[in-house]
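# A look at the structure
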Amino acid sequence: MVVGELVERRQTIIIGGGPAGYTLAIRLAQLGQQVTLVEKAQIGGSCLHEGCIPSKFFAKVAKEWASLQKLSMYGIQIEGQTFQWESAQQQLQKIQSQLTKGVEALCQKHDIERIEGTAMFSGENRIGIEIGERFELYEYNHLILATGASVEREPIFELLGAHCFVGGDIYGIDKLPSSLIVYGIDPYALEVAFTMKQLGVDVQIVEKPNSFTYDSSIEKELRRQSKKKKIKWHTSEQLDATLVEERVHVKIEDGVIIEADALYTSGVKRANLHSLNAARLNFQMNGDDLSVNERYETSQNHIYALGEMTGREGGASRAIADAKRLASIIVGGEVLEESPFFPLILHTNPPVVSVGLREQEMDERHIASQIPLMTSGIAKVNGTTDGFVKVITNKETTLIEGLHMIGEGAIELSAHFTQLLDMVAKEEDVLYSVQAHPSIQESVIEAVENLRNLAIHQ
């Protein structure tokens, strides 16, 4: 140690105040740990300020705007309705401010020390933090990295400049484009496509072949819904993007050129390590992601990592679940087994949930049943009959191995679906339960009954 150098000691330091970071901080504090949370920007991370909250807010806006067209079926006539993008953005900012203050209050409630500054490694078991013009040194017992990932546009879109929106920045634009090309069919891209279309933007999707990861019947229905909403789909392995007179021109296979005012891409994610001066510790990487083992340890086994920087699928949902497990690991408590089932969610209109075995993975042991929401009384009442509930079971054991749904209510049922798989439920476990009537949950029972040719409304 340099003479005169002041180094402060902390029990646990977490770098990054997103869902992984602040969840871990609160849980550790609940378990009796002294916690220091370092965040250089606003607490809440990209989820609250760029990704999850903005995308789901505007998905809700689009859904409500589209629902106005259905009001006439209830005898309600509304004339002269308008949509104001700027007003919606102002409401989003209010929500984000409330949520940010809520997380800050929780940290204060649990006596979590918060430092607003930029952290960087300065040696073994030591970090430095720039706080304004000050630079402070800290040593620690446990260090957790939860700094997320940066989103960068693919090199093929560099020539598009400001006409290319990447990741969450599309929700902060001043004005909606009249037309948009969406590159990719990952959850973020599909949510953008459906949201923008329902807000009046002309949308085209360009996907790579065989890139759909949901159940094949979900894919078929999503494509049908896209056609119904007049969203055009294109499939192309290669493409070229240029800017011609302030218009985006994208050349796809067979020489076809499509054009629009702008292009959206979810981009390429890379672990946020540069500002940490992480090169000096020689972390093991997995491509652009920071490698961790089953205990969330990096190659520097005294340092843990969580969230998007590790490349684990599932976004903020996975990060929050991992944070709770890591807290138990750190304090030496009971560690719950990690669930092998993770629901894939789409906040499109209609929304989607897909968990467990997919149809394209079935073999001769399996059987599938699909019940259209058209048979649901409550779906008829709500005017939300698009979609279906699907169940995949093992014919010999009657174990439920896959649950999929597209339609209103899918997001709310995702927890029920995951719990059924986690609890190793059988067909009779669903048949035994009594559901509210009328409700979308009844369609789950009907799907299982249909496996036995006993569905009432089929």
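As the structure is a computational prediction, the values presented were derived from the model and not from experiment. (Residues numbered from 1 in each chain as written. Predicted model: local features only at pLDDT ≥ 70, side-chain atom pairs only at ≥ 80, totals over all residues. Heavy atoms only, no water.)

## Quick word on the packing of helix 3 (residues 52–67) against helix 4 (residues 85–109)
- One way to put it is that helix 3 packs onto helix 4 with a least axis distance of 10 Å and a crossing angle of 135°. It follows that helix 3 is oblique to helix 4 by the angle criterion. The element helix 3 and its partner helix 4 pack so that their crossing is right-handed. Contacts between helix 3 and helix 4 involve Ile53, Pro54, Phe57 and Phe58 from the former and Trp85, Ala88, Gln89, Gln91, Leu92, Ile95, Gln96 and Leu99 from the latter.
- Looking at side-chain class alone, the contact of helix 3 with helix 4 contains nine nonpolar, three polar and no charged residues. (Axes fitted to C-alpha atoms, helices over the stretch in contact; angles between N-to-C directions. Helix = DSSP H or I, 4+ residues; strand = E, 2+ residues; numbered from the N terminus. Parallel < 35°, antiparallel > 145°, perpendicular 65-115°, else oblique. Left-handed = near helix turned anticlockwise from the far one by under 90°. Contact = heavy atoms within 4.5 Å. Nonpolar A, V, L, I, M, F, W, Y, C, P; charged D, E, K, R; others polar.)

## Description of the layout of surface pockets
- Size it by volume and the second largest pocket reaches roughly 1000 Å³.
- Gly45, Ser46, Thr147, Gly148 and Ala149 are, among the 48 residues lining the second largest pocket, the residues nearest its centre.
- Among the elements of the structure, helix 1 (19–30), strand 2 (35–39), helix 2 (45–49), helix 3, strand 4 (118–123), strand 7 (149–152), helix 5 (187–198) and helix 7 (315–331) are those that each provide at least two residues to the lining of the second largest pocket.
- Of the residues forming the lining of the second largest pocket, the biggest block, four residues, is contributed by helix 2.
- Residue composition of the lining of the second largest pocket, by class: 20 nonpolar, 21 polar and seven charged. (1 Å grid on protein atoms, 1.4 Å probe; cavity = no way out; pocket = protein on both sides within 12 Å on 5 of 7 lines; lining within 4 Å. Points joined across faces, edges and corners; volume = space filled by probe spheres on them.)

## Some words on the pattern of salt bridges
- For the structure shown, the criterion picks out 28 salt bridges.
- Ionic pairing is found between glutamate 219 and arginine 223, a salt bridge with its closest N-O pair at 3.0 Å. Note that glutamate 219 and arginine 223 are positioned in helix 6 (residues 216–228) at a spacing of four residues, about one turn of the helix.
- By relative accessible area, which is 23% here, glutamate 219 ends up partly exposed.
- Residues arginine 452 and glutamate 428 are paired through a salt bridge, measuring 3.7 Å at the closest nitrogen-oxygen approach. Of the two residues, arginine 452 is situated in the segment after helix 11 (441–451) and glutamate 428 in helix 10 (residues 427–432); the sequence distance between them amounts to 24 residues.
- Residue class for glutamate 428 comes out partly exposed when judged on its relative accessible area of 37%.
- Connected via shared salt-bridge partners are Glu221, Arg224, Lys228 and Asp386. (Salt bridge = Lys/Arg side-chain N within 4 Å of Asp/Glu carboxyl O. Buried < 20%, exposed > 50% of the residue type's maximum accessible area, 1.4 Å probe, protein only.)

## What to know about the packing of helix 3 against helix 5
- Taken N-terminus to C-terminus, the directions of helix 3 and helix 5 make an angle of 40°; their axes are 8 Å apart at the nearest point. As for how helix 3 packs across helix 5, the hand of that crossing is left-handed. Here Ser55, Lys56, Phe58, Ala59, Ala62, Trp65 and Ala66 of helix 3 come into contact with helix 5, specifically with Glu191, Thr195 and Gln198.
- Of the residues assigned to the contact of helix 3 with helix 5, the class counts are five nonpolar, three polar and two charged.

## Section: the pairing of strand 21 (residues 352–356)
- When you tally the buried positions in strand 21, you get four out of five residues, the bulk of the element.
- Where strand 20 (residues 344–346) meets strand 21, three bridges bridge the pair, whose relative direction is antiparallel. Residue pairing in the sheet places leucine 346 in a bridge with valine 352 of strand 21.
- Connecting strand 20 to the antiparallel partner strand 21 that follows it, the hairpin turn spans five residues.
- Here strand 21 pairs with strand 24 (residues 400–406) via five bridges, running antiparallel. (Pairing = 2+ DSSP bridges.)

## As for the UniProt feature "domain: Pyridine nucleotide-disulphide oxidoreductase dimerisation" (unreviewed entry) in the chain
- Under the feature "domain: Pyridine nucleotide-disulphide oxidoreductase dimerisation" (unreviewed entry), the UniProt entry names residues 343–447.
- Taken end to end, residues 343–447 is 30% helix and 28% strand, and its two terminal C-alpha atoms sit 19 Å from one another. (UniProt positions renumbered as here; feature names shortened; annotations may be inferred.)

## Describing the packing of aromatic side chains
- Evaluation of the coordinates by the stated rule reveals seven aromatic pairs.
- Their ring planes at 85° and their centres at 5.1 Å tell us that phenylalanine 57 and phenylalanine 58 sit as a pair that is edge-to-face.
- Among the residues examined, phenylalanine 57 registers a relative accessible area of 14% and is labelled buried.
- Judged by centre distance (5.6 Å) and plane angle (5°), the rings of phenylalanine 58 and tyrosine 171 are stacked. (Phe/Tyr/Trp six-rings, centres within 6.5 Å; stacked < 30°, edge-to-face > 60°.)

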